[in-house]
Every structure is written in structure tokens, then in C-alpha cells.
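# Secondary and tertiary structure notes
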Amino acid sequence: MPKTVFITGTSTGIGAAAVRLFAQHGWQVAATMRNPADAKFDNLPTVRVYALDVTDGAAVTRAVQQAQQDFGSLDVLVNNAGYGLVGPFEAATDAQIQQQFATNLFGVFAVTRAALPLMRGQQSGVIINITSVGGRTAFPMNSLYHATKFGLDGFSESLWYELAPFGIQVKVVAPGGVATDFATRSLQMTTDPANDADPYAGQVRSVLEAFGRSGGNHSTAEQIAEVIFTAATDGTAQLRYIAGDDAKGILSAKSQMSEADFAAMIQKNFGM
């Protein structure tokens with residue numbers, strides 16, 4: 001019987017690439033997104049699309065239960081839905097803060113909790129949480145995004161122990177920069193970097209320019225999808241998968257440098 005993977009945030013980017021890769025390997029794929037009209041999987045017969053906003057608890061329950069009913073099993077969960085909130089913390093509104101945590105962290109909690117009874121019943125399963133190199137180190141003007149990704153990394157590590165007795169593996173895939181529309185469609189700002197009256201505007205522009213310069217080192221969505229597929233199928237107890245040469249490079253540098261030297265390097269690279 002084909003295995004089933006449930007993936008959130010599949011309209012574009014890493015999520016869409018993962019849907020295609022799993023389907024190419026013969027998997028049944030529950031591809032979820034806020035607007036199913038955005039789906040581009042018509043040529044993939046093993047893919048079914050479900051409407052899902054991960055911040056809507058009732059929608060989460062419906063989507064997970066319907067996918068299990070349609071496919072008969074739930075072997076792998078990929079929590080991929082998320083977006084970046086960039087800019088000074090001081091300027092962030094309560095609504096922006098709540099939405100960032102609701103999507104990147106609380107949404108993962110909701111989908112995972114809905115899937116766990118099914119996986120426990122099977123005494124098997126793999127849960128893959130897509131974090132970021134930004135869940136292991138931090139960059140300027142991304143404090144709230146980092147808060148969610150650091151939180152997700154810690155959540156995943158603790159859950160690894162908690163679910164192992166039930167035959168359920170927990171994995172973290174942590175990409176660096178990815179050549180997707182994350183920096184446009186999936187990016188929100190807490191302030192206007194063009195507003196020179198804003199005391200943080202210069203710093204924000206420097207950070208955005210630095211991220212722009214690093215684009216040549218980014219992985220493709222397909223490369224990250226390959227890491228996700230490996231995590232889903234390698235059968236190991238490995239927790240973290242660092243994805244992308246840029247992510248591996250920055251974390252290697254951090255492990256070899258003093259905290260002060262690493263911070264000075266980041267400040268220089270970001271023009272701070």
C-alpha cells in the first residue's frame with residue numbers, strides 16, 4: 001500500500017516542490033493550502049488538495065481527518081507553512097506578533113496534535129518540522145521570526161523524546177536561504193524601510209540589502225525538498241537536517257568562533 005504524506009503550505013516554494021517529489025516517488029500526498037485554487041498539481045494523480053489555514057483549529061481537524069479517511073493512513077507529516085516578519089520589534093503591532101506566532105508556531109502545534117492520535121494508533125510515523133538556519137542562530141531585524149523558529153526547534157527536540165516510545169520519529173529540516181518567493185509573497189514588514197523619519201529605517205535597509213546580496217548562495221526549493229524526502233525515508237533517529245551550503249557554512253562558523261567574534265561578523269555582514 002502506498003504511503004501517505006500530509007504537507008502544509010504547498011501553494012508555492014518548498015511545499016509545492018515537496019508535493020511533486022513525494023508524488024514522483026509514488027506517495028499519496030495530502031497537499032494543503034489556504035486557497036486550493038492556487039494548486040498546480042493537476043498532472044499528479046496521487047495528490048489531493050485540501051483547504052487549510054493552520055491558524056484555524058477547526059479547519060486543521062477537518063483536513064487531517066479527511067485526508068486520513070481518503071488515504072487510509074498518515075505516515076509522514078510535514079509542517080511547512082510559515083512566513084517571515086521582518087523589521088524592528090518596537091514597531092511590531094500586537095496583531096503582527098500574534099499572527100507570526102499563530103502561523104509559524106501555534107499552527108504547527110495544532111496540526112501535529114491532530115495527527116498524533118492517528119500515528120500513535122499505527123505505532124509509526126514521521127513528523128518533519130521545517131524550521132530554518134534562523135532556528136539555530138539569529139540575524140538582525142528578524143527577532144519575532146527567530147522567536148518562532150527557535151521555539152519550533154526546541155519543541156521538536158523535546159517531542160523527539162516524547163514520541164519515540166510510540167515509534168514516531170520527529171525531524172527538523174533547517175534550510176538557509178531558498179530561491180522562492182518567500183522574500184515577497186511570504187514576507188511582511190513591521191515598518192517602512194523607505195520612511196527616513198523612522199529611527200530604524202537605515203538598519204532595515206541594510207539588512208534587506210544584505211539578504212539580497214546573499215541570493216546567489218541560496219538553495220532551490222527542489223534541493224530542500226530532497227532533504228525533506230531523505231528525512232522522511234532514511235529510517236534513522238536523526239533529529240536535525242541542516243539544508244543548504246549557506247546554512248551549513250554559517251552554523252559551522254558559529255561553532256568555531258567566539259560569541260563576540262561571531263556577533264562582530266554578523267554586524268559587519270549586515271552593515272550594522
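Report on the accompanying structure. (Residues numbered from 1 in each chain as written. Predicted model: local features only at pLDDT ≥ 70, side-chain atom pairs only at ≥ 80, totals over all residues. Heavy atoms only, no water.)

## Side note on unusual backbone geometry
A positive phi angle is found at Gln123, which is not glycine, with a value near 60°. Here Gln123 is to be found in the loop between α3 (94–122) and β6 (125–130). (Helix = DSSP H or I, 4+ residues; strand = E, 2+ residues; numbered from the N terminus.)

## Focus: the packing of aromatic side chains
Pairs of aromatic rings are described using the distance from one ring centre to the other and the angle between the two planes. Scanning all chains against the criterion turns up 10 aromatic pairs. Each ring, one from Phe106 and one from Phe109, has its centre 6.0 Å from the other, and the planes form 45°; the classification is tilted. Taken together, the positions of Phe106 and Phe109, both in helix α3 and 3 residues apart, correspond to about one turn of that helix. On the basis of relative accessibility, which here comes to 29%, the residue Phe109 falls in the partly exposed class. A ring pair is formed by Phe139 and Phe211, whose centres lie 6.3 Å apart and whose planes are at 85°; its orientation type is edge-to-face. With a gap of 72 residues between them, Phe139 in the loop between β6 and α4 (143–163) and Phe211 in helix α5 (residues 201–213) connect regions that are remote in the sequence. Judged by relative accessible area, which is 31%, Phe211 ranks as partly exposed. Each residue in the set Phe101, Phe106, Phe109 and Phe155 is aromatic and connected to the rest through ring pairs, giving one cluster. Its guanidinium or amino end placed over the ring of Phe71, Arg48 lies 5.5 Å from that ring's centre, counting from NZ or CZ. When the ring centre of Phe166 is taken as reference, the NZ or CZ atom of Arg120 above it lies at 6.0 Å. (Phe/Tyr/Trp six-rings, centres within 6.5 Å; stacked < 30°, edge-to-face > 60°. Buried < 20%, exposed > 50% of the residue type's maximum accessible area, 1.4 Å probe, protein only. Lys NZ or Arg CZ within 6 Å of the ring centre and 35° of its normal.)

## Points about helix α2 (residues 57–71)
Taking 1.5 Å per residue as the helical rise, α2 with its 15 residues ought to reach 21 Å, and the 21 Å between its terminal C-alpha atoms agrees with that figure. The residue sitting at the N-terminus of α2 and contributing the capping side-chain oxygen is Asp56; that oxygen lies 3.1 Å from the backbone nitrogen of Ala58. Looking one or two residues past α2, Gly72 carries a phi angle of roughly 90°, positive in sign. (Expected span 1.5 Å × (residues − 1). Polar contact = N/O pair within 3.5 Å; in protein donor to acceptor, adjacent residues only side chain to side chain.)

## Let's talk about the pairing of strand β1 (residues 4–7)
Burial along β1 is two-sided: the face carrying Thr4 and Phe6 and the face carrying Val5 and Ile7 are both buried. Across 4 bridges, β1 lies against strand β2 (residues 28–33) in parallel orientation. Bridging across to β2, Phe6 finds its partner in Ala30. Between the parallel pair β1 and β2, the chain is carried across by helix α1 (residues 13–24), and the sense of this crossover is right-handed. In terms of strand pairing, β1 meets strand β4 (residues 76–79) through 3 bridges, oriented parallel. In the sheet register, Phe6 faces β4, and the bridge partner there is Leu77. (Pairing = 2+ DSSP bridges. Right-handed = clockwise from strand over helix to strand, strands pointing away.)

## Some words on the pairing of β4
Along β4, one buried face is formed by Val76 and Val78 and the opposite face, lined by Leu77 and Asn79, is buried too. Bridge count between β4 and β6: 4 bridges; the pairing is parallel. For Asn79, the partnering residue across the bridge sits in β6 and is Asn129.

## As for the environment of Leu116
Tracing the backbone shows Leu116 in helix α3. With residues near it in sequence (within four places) discarded, Leu116 still touches Ile127, Leu163 and Ile168. (Contact = heavy atoms within 4.5 Å.)

## Brief notes about the sheet that holds β2
Sheet strands associate in pairs through backbone hydrogen bonding, adopting either a parallel or an antiparallel arrangement. Taking strand neighbours across the sheet as the criterion, the 7 strands line up as β3-β2-β1-β4-β6-β7-β9 in an open arrangement whose pairing is parallel. Both outer strands of the open sheet, β3 (47–51) and β9 (240–243), are each paired with one neighbouring strand and no more. Each neighbouring strand pair of the sheet contributes to a mean axis angle of 20°, computed without reference to strand direction. (Axes fitted to C-alpha atoms, helices over the stretch in contact; angles between N-to-C directions.)

## Here's the deal with the nonpolar core
Residues Phe22, Val29, Ile128, Val173 and Ile228 are the most contacted members of the largest nonpolar core, which totals 33 residues. Listed by contribution, the elements that provide at least two residues to this core are β1, α1, β2, β4, β6, α6 (221–233) and β9. The dominant element in this core, judged by the number of residues it contributes, is α1, at 8 residues. Filtering out sequence-adjacent residues up to four positions away, Ile228 remains in contact with Ile14, Phe22, Val78, Ile128, Ile130 and Val173. Ala63, Val64, Leu116 and Leu159 belong to the second largest nonpolar core, which has 24 residues in total. (Core = buried A, V, L, I, M, F, W, Y, C linked by side-chain atoms within 4.5 Å.)

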